[in-house]
Amino acid sequence: VGFSYINEVNSMSSRLEFLAPSGRVSGAVKLALAHRGTWVVHELIQRGWAAQQAGHLASAKTLYEQALKIDPRHPDALNLLGVLALQSGDPVRAVTLIGKAIEVQPANPGFHANLAQAYLDSHRIVDAHGAFRRPAKLDPPNPQFAVGAAVCLALQGNAAEAEERLRAVVRKHP
């Protein structure tokens, strides 16, 4: 699915280069040529996400991997491939992939929440607690991160503190 799109974009770019061999191309054409890889990556990720939502995990994995061949540090492709690994029962690989996404885009609270879930599934409760706390600071109005951190406290045996944190969430978000 993804390769035909890549070939189509590359073919289009070749035709544009052929039409302007003198190097005199408009700014729009130059921009199109410079960003053709970005468009392909975006399309591959969109198709991968649609496949993942439809439950076609093998297709989604292939599409994300194709995107990463073009842009090995694309944060969305890394994160979604990590989520896919988590869905497929491989939380260790999920931690690695989502961690790489966070290296590229550290202020994305969703990436940290996904990492926290991967830690939980890996039975790394202390790491999960820290990972839930980071997005709570990045996106304070979102109660799910505070709830995740409280659950981690409870799993670590800190039931009283967990209850206190959960009550605070309920007060802020009735």
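Just so you know, these numbers come straight off a predicted model, no measurement behind them.

## Re helix 5 (residues 75-87)
Phase 1 of the analysis: When the terminal C-alpha atoms of helix 5 are compared, their 18 Å separation across 13 residues agrees well with the 18 Å that a helix rising 1.5 Å per residue should span.
Phase 2 of the analysis: Within two residues after helix 5, G89 carries a phi angle of roughly 85°, on the positive side.

## Section: the packing of helix 5 against helix 6 (residues 91-104)
Phase 1 of the analysis: Taken N-terminus to C-terminus, the directions of helix 5 and helix 6 make an angle of 165°; their axes are 8 Å apart at the nearest point. With respect to each other, helix 5 and helix 6 are oriented roughly antiparallel. Two packed elements cross with a definite hand, and for helix 5 against helix 6 that hand is left-handed. Residues P75, L78, N79, L81, G82, V83, A85 and L86 of helix 5 pack against P91, R93, A94, L97, I98, K100, A101 and V104 of helix 6.

## A short note on a nonpolar patch on the surface
Phase 1 of the analysis: On the surface, V147, V151, L155 and L166 cluster together to form a nonpolar patch covering roughly 300 Å² of accessible area.
Phase 2 of the analysis: Ranked by residues supplied to the nonpolar patch, first place goes to helix 9 (residues 143-155) with three residues.
Phase 3 of the analysis: Note on placement: V147 falls in helix 9.
Phase 4 of the analysis: The partly exposed category is assigned to V147, whose relative accessible area is 31%.

## Re the pattern of salt bridges
Phase 1 of the analysis: Inspection of every chain in the model, using the stated rule, returns five salt bridges.
Phase 2 of the analysis: Among the salt bridges present, the one from K61 reaches E65, with a minimum N-O distance of 3.0 Å. Taken together, the positions of K61 and E65, both in helix 4 (residues 57-70) and four residues apart, correspond to about one turn of that helix.
Phase 3 of the analysis: The exposure class of E65 is partly exposed, given its relative accessible area of 27%.
Phase 4 of the analysis: Note that E161 and R165 form a salt bridge whose closest N and O atoms lie 2.7 Å from each other. With a gap of four residues between them, E161 and R165 both fall in helix 10 (residues 159-172), about one helical turn apart.

## Focus: the environment of R165
Phase 1 of the analysis: Taking relative accessible area as the criterion, R165 reaches 36% and is therefore assigned partly exposed.
Phase 2 of the analysis: Residues R165 and V147, 18 residues apart in the sequence, show an inter-C-alpha distance of 7.7 Å.

## Observations concerning the packing of helix 5 against helix 7 (residues 109-121)
Phase 1 of the analysis: Running from amino to carboxyl end, helix 5 crosses helix 7 at an angle of 25°, the nearest separation of the two axes being 10 Å. Classified by the angle between their axes, helix 5 and helix 7 sit roughly parallel to one another. Crossing handedness for the pair helix 5 and helix 7: left-handed. On helix 7, the residues that touch P75, D76, N79, V83 and L86 of helix 5 are F111, N114, Q117, A118 and D121.
Phase 2 of the analysis: For the contact of helix 5 with helix 7, the per-class residue count stands at five nonpolar, three polar and two charged.

Conventions used here
- Residues numbered from 1 in each chain as written.
- Predicted model: local features only at pLDDT ≥ 70, side-chain atom pairs only at ≥ 80, totals over all residues.
- Heavy atoms only, no water.
- Helix = DSSP H or I, 4+ residues; strand = E, 2+ residues; numbered from the N terminus.
- Expected span 1.5 Å × (residues − 1).
- Axes fitted to C-alpha atoms, helices over the stretch in contact; angles between N-to-C directions.
- Parallel < 35°, antiparallel > 145°, perpendicular 65-115°, else oblique.
- Left-handed = near helix turned anticlockwise from the far one by under 90°.
- Contact = heavy atoms within 4.5 Å.
- Patch = residues over 30% accessible without salt bridge, like charges linked within 9 Å, V, L, I, M, F, W, Y side chains within 5 Å.
- Areas by Shrake-Rupley, 256 points an atom, 1.4 Å probe, with all protein chains shown as cover.
- Salt bridge = Lys/Arg side-chain N within 4 Å of Asp/Glu carboxyl O.
- Buried < 20%, exposed > 50% of the residue type's maximum accessible area, 1.4 Å probe, protein only.
- Nonpolar A, V, L, I, M, F, W, Y, C, P; charged D, E, K, R; others polar.

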